[in-house]
Amino acid sequence: MASEKELVAKLVMADPGLPRPNPTQAYWQHVPHALANAQSASLPTDRDFAVIGSGITGLSVAKTLLERHPAATVTVLEARTLCSGATGRNGGQMAANVGEEYMDLAEVHGPEMAGNVAKFTFRNLEMMRELIEEYDAVETSEMQNLRKLRVFLTEDKFNDFKKSIARLEADHPSLGGLYTILDRESVFKDHGIHGAAGGALLPAGTVWPYRLVTKIFAALMKKYPDRLAIETNTRVESVEHSDSFATPITSVFPYTVRTSRGPMRAGNVVYCTNGYSGHLLPQLRGRIHPFKGTMTVQDPQKAMPNQGTSVSWGFHYPPRYDPETRICGQGLYYLGQSAKTGYFYFGGEEARMDETISADDSVVGEHSVAHLRSVLPQFFGRNGAAPWKLVSSWSGIMGLSSDGLPLVGRLPSTLTGRTGTGEWIAAAFNGYGMANCLMSGEALALMILGEDVSDWLPDAYGLGEKRLQGTLTPPEAIKALSANL
Ligand SMILES: Cc1cc2nc3c(=O)[nH]c(=O)nc-3n(C[C@H](O)[C@H](O)[C@H](O)COP(=O)(O)OP(=O)(O)OC[C@H]3O[C@@H](n4cnc5c(N)ncnc54)[C@H](O)[C@@H]3O)c2cc1C
């Protein structure tokens, strides 16, 4: 029988496949947007930009291209319904994770680059709020500005976190004061959380991402009816590049994007395909891999006060592995509360590796859901209480990179296997898309249009040879995923 590590190696290198046609239904999408199944009568061709993927990254790329170029034509291609990937299936948390990561980032990339990542993610969260306000989407997206309480369930985790924050603040005094460290008593007495070794508060928010993204797509369709096409239920099956198209008429459309609705020629191809990227770009397999998350909506039915306008929560514990059941706890639970209904939106991963390193969101693990139902009341000291009412449960596919950082930039031929220079990617947000995607998409679009974004897009997100040979490799992914097996 293959060892668990061999299994992990096989899973990260596997073809994630196309987005599954029959995903579990996410609560966020229970009222589909009018554009959910948008498509033209026939697939338009000869477009300047083919953007693959209609999540928040695809939205950001398309929006920036349309706004910053006076004539560019953009087609957004989506395998399923609009915004049906991770963005429409996530936890709704707008929070940065750089506090926990800072120490490691500084070790690998140096304090300056680690600081750039910190500033980028906090700025991205501000930009999310600005975008929500600009599009008059505060109410629709139920956006809340609040503080996130990060709870550490073991002393070791808490101590590592405190060291990381101390170093962040020492290296970058301008970031000082974002985190308020809380001791065990305060987490219990002031915040009612049981079982913590300590915690920290940081500025954050919650949002209904599906409603936000679909609302902005609708506004863009209205503003740019002749330049934007949204083609849902259109799977991109392969991409080809050919110099033989170099006739006077077609020379600017060297790519043929083969879809389930026929071919489309394009000048550039932009992959906003997150956990599925390795399907169309096999050289990315193992550098990016899918990671399946489980979400629940639970109704405490008046057993808990509604804190949805003031706080959200994250619970951190050391990742664990049970050799008997082969179930891994991946180290994090995340929780927000609807200010309107009081429902808890609660997610976390507690499943076997073959269930977790997976791009199949057509099933949600029964064990994972039962686990999420059993632990949530306990955090609030409701031990032994019956589980709260399960309103909804679903799964969704994140994109994880072997070094924990997004990939944003032009794809080199070594990754596409093609000679052209018009393929681009923004993917692998490692479970923190709301803190990264908007500005990553904007940066990518501006790069495509020839602008220099190097003073604000962290260089560590780029696709340089050093990263491709160093940290962004399948062995690094296998090492990271096997660390606790
Ligand atoms: C369960 C879960 C909980 C999460 N919780 C949070 C959270 O609370 N906070 C946070 O910040 N982040 C969270 N994330 C991560 C966050 O949702 C993602 O990082 C972010 O949404 C990624 O956006 P994206 O646009 O890059 O990718 P996606 O939203 O996944 O969009 C990619 C799209 O590409 C389409 N696609 C892929 N391949 C093809 C193809 N060949 N042809 C056509 N279309 C294709 C897919 O169908 C999909 O719609 C969570 C993710 C999951 C799954």
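Residues numbered from 1 in each chain as written. Predicted model: local features only at pLDDT ≥ 70, side-chain atom pairs only at ≥ 80, totals over all residues. Heavy atoms only, no water.

Per an unreviewed UniProt entry, the protein chain carries the name FAD dependent oxidoreductase domain-containing protein and comes from Penicillium cinerascens.

**Here's the deal with unusual backbone geometry**
It is generally the case that most residues other than glycine have a negative phi and that most peptide bonds are trans. The phi torsion at asparagine 233 lies on the positive side, around 50°, for a residue other than glycine. Within the secondary structure layout, asparagine 233 lies in the loop between strand E7 (228–231) and strand E8 (236–241). In this structure, asparagine 274 takes a positive phi of about 40° despite not being glycine. Its place among the elements puts asparagine 274 in the loop between strand E10 (262–271) and helix H8 (277–280). Asparagine 274 sits in the buried class, given a relative accessible area of 17%. (Helix = DSSP H or I, 4+ residues; strand = E, 2+ residues; numbered from the N terminus. Buried < 20%, exposed > 50% of the residue type's maximum accessible area, 1.4 Å probe, protein only.)

**Concerning the state of the cysteines**
The final tally for this structure, using the stated rule, is 0 disulfides. Not part of a disulfide, cysteine 83 finds its nearest cysteine sulfur in cysteine 437, a span of 10 Å. We classify cysteine 83 as buried; its relative accessible area is 0%. No disulfide involves cysteine 437; its sulfur sits 9.1 Å from the nearest other cysteine sulfur, which is in cysteine 272. You can call cysteine 437 buried: its relative accessible area is 5%. (Disulfide = S-S within 2.5 Å.)

**Quick notes on the pattern of salt bridges**
Considering all chains together, one arrives at 25 salt bridges under this definition. The residue arginine 265 makes a salt bridge to aspartate 46 at a minimum N-O spacing of 2.8 Å. Of this pair, arginine 265 sits in strand E10 while aspartate 46 sits in the loop between helix H1 (4–13) and strand E1 (47–52), and the two are 219 residues apart along the sequence. Its salt-bridge partner being aspartate 361, residue arginine 89 comes within 3.5 Å of it at the nearest N-O pair. Separated by 272 residues along the polypeptide, arginine 89 in the loop between strand E2 (74–77) and strand E3 (93–94) and aspartate 361 in the loop between helix H9 (353–356) and helix H10 (366–379) bring together distant segments of the chain. The network of salt bridges with common partners includes Glu4, Arg326, Arg352, Asp354 and Glu355. (Salt bridge = Lys/Arg side-chain N within 4 Å of Asp/Glu carboxyl O.)

**Points about the site of the ligand**
Close contacts around the ligand come from 39 residues, with Thr57, Glu78, Thr87, Gln93 and Met434 the closest. Protein contact buries 98% of the 1,000 Å² of open area that the ligand shows by itself. Taken together, the elements giving at least two residues each to the shell around the ligand come down to helix H2 (56–68), strand E11 (288–299) and strand E16 (389–401). If you tally residues by element for the shell around the ligand, the top one is E16, at 3 residues. Its residues assigned to classes, the shell around the ligand comprises 19 nonpolar, 17 polar and 3 charged. Counting residues domain by domain, the shell around the ligand receives three or more from each of domain 1 (4–16 + 24–90 + 211–287 + 403–482) and domain 2 (144–205 + 289–400). (Near = heavy atom within 4 Å. Areas by Shrake-Rupley, 256 points an atom, 1.4 Å probe, with all protein chains shown as cover. Nonpolar A, V, L, I, M, F, W, Y, C, P; charged D, E, K, R; others polar. Domains from an automatic or database assignment.)

**What to know about the packing of aromatic side chains**
Aromatic rings considered in pairs are described by the distance between their centres and by the relative angle of their planes. Taken as a whole and assessed by the stated rule, the structure comprises 21 aromatic pairs. Ring geometry for tyrosine 27 and tyrosine 343: centres 6.2 Å apart, planes at 70°, overall edge-to-face. Remark: tyrosine 343 occurs in the loop between strand E14 (327–337) and strand E15 (344–352) and tyrosine 27 occurs in the loop between H1 and E1; sequence separation between them is 316 residues. Pair check on accessibility: tyrosine 27 and tyrosine 343 agree, each one buried. Between the aromatic rings of tyrosine 333 and phenylalanine 346, the centroid separation amounts to 5.6 Å while the plane-to-plane angle is 25°, which identifies the pairing as stacked. Linking tyrosine 333 in strand E14 with phenylalanine 346 in strand E15, this pair joins segments that are 13 residues apart in sequence. (Phe/Tyr/Trp six-rings, centres within 6.5 Å; stacked < 30°, edge-to-face > 60°.)

**So, the confidence of the model for the protein chain**
Looking at the protein chain as a whole, the pLDDT averages 96, with 98% of positions reaching at least 70. Note that residues 246–250 has pLDDT below 50 and, in this model, 3 contacts with residues that lie over four places away or in other chains. (pLDDT = per-residue confidence, 0-100. Contact = heavy atoms within 4.5 Å.)

**Some remarks on the pairing of E1**
Within E1, 5 of the 6 residues are buried, which leaves it mostly tucked inside the rest of the structure. Note: E1 against E10, 5 bridges, orientation parallel. Following the sheet pairing, arginine 47 is matched in E10 by alanine 266. Note that E1 and E2 share 4 bridges and pair parallel. Paired with isoleucine 52 across the two strands is leucine 77, which belongs to E2. (Pairing = 2+ DSSP bridges.)

**Focus on the domain arrangement of the protein chain**
You can read the domains of the protein chain as domain 1 (4–16 + 24–90 + 211–287 + 403–482) and domain 2 (144–205 + 289–400). Each of domain 1 and domain 2 was reduced to a C-alpha centroid, and the two centroids are 29 Å apart. Both faces combined, the contact of domain 1 with domain 2 buries some 2,300 Å², and carbon together with sulfur accounts for 61% of it. Looking at the side of domain 1 facing domain 2, the largest losses of area belong to Glu4, Thr24 and Tyr27, adding up to 27% of the total buried there. At the junction of domain 1 and domain 2, the tally comes to 3 salt bridges. Counting residues per element, the ones that place at least two in the side of domain 1 that touches domain 2 are H1 and helix H14 (474–482). By residue number, the principal contributor to the side of domain 1 that touches domain 2 is H1, which donates 5 residues. Considering only residue class, the side of domain 1 that touches domain 2 consists of 15 nonpolar, 7 polar and 4 charged. (Buried area = accessible area lost by both parts, 1.4 Å probe.)

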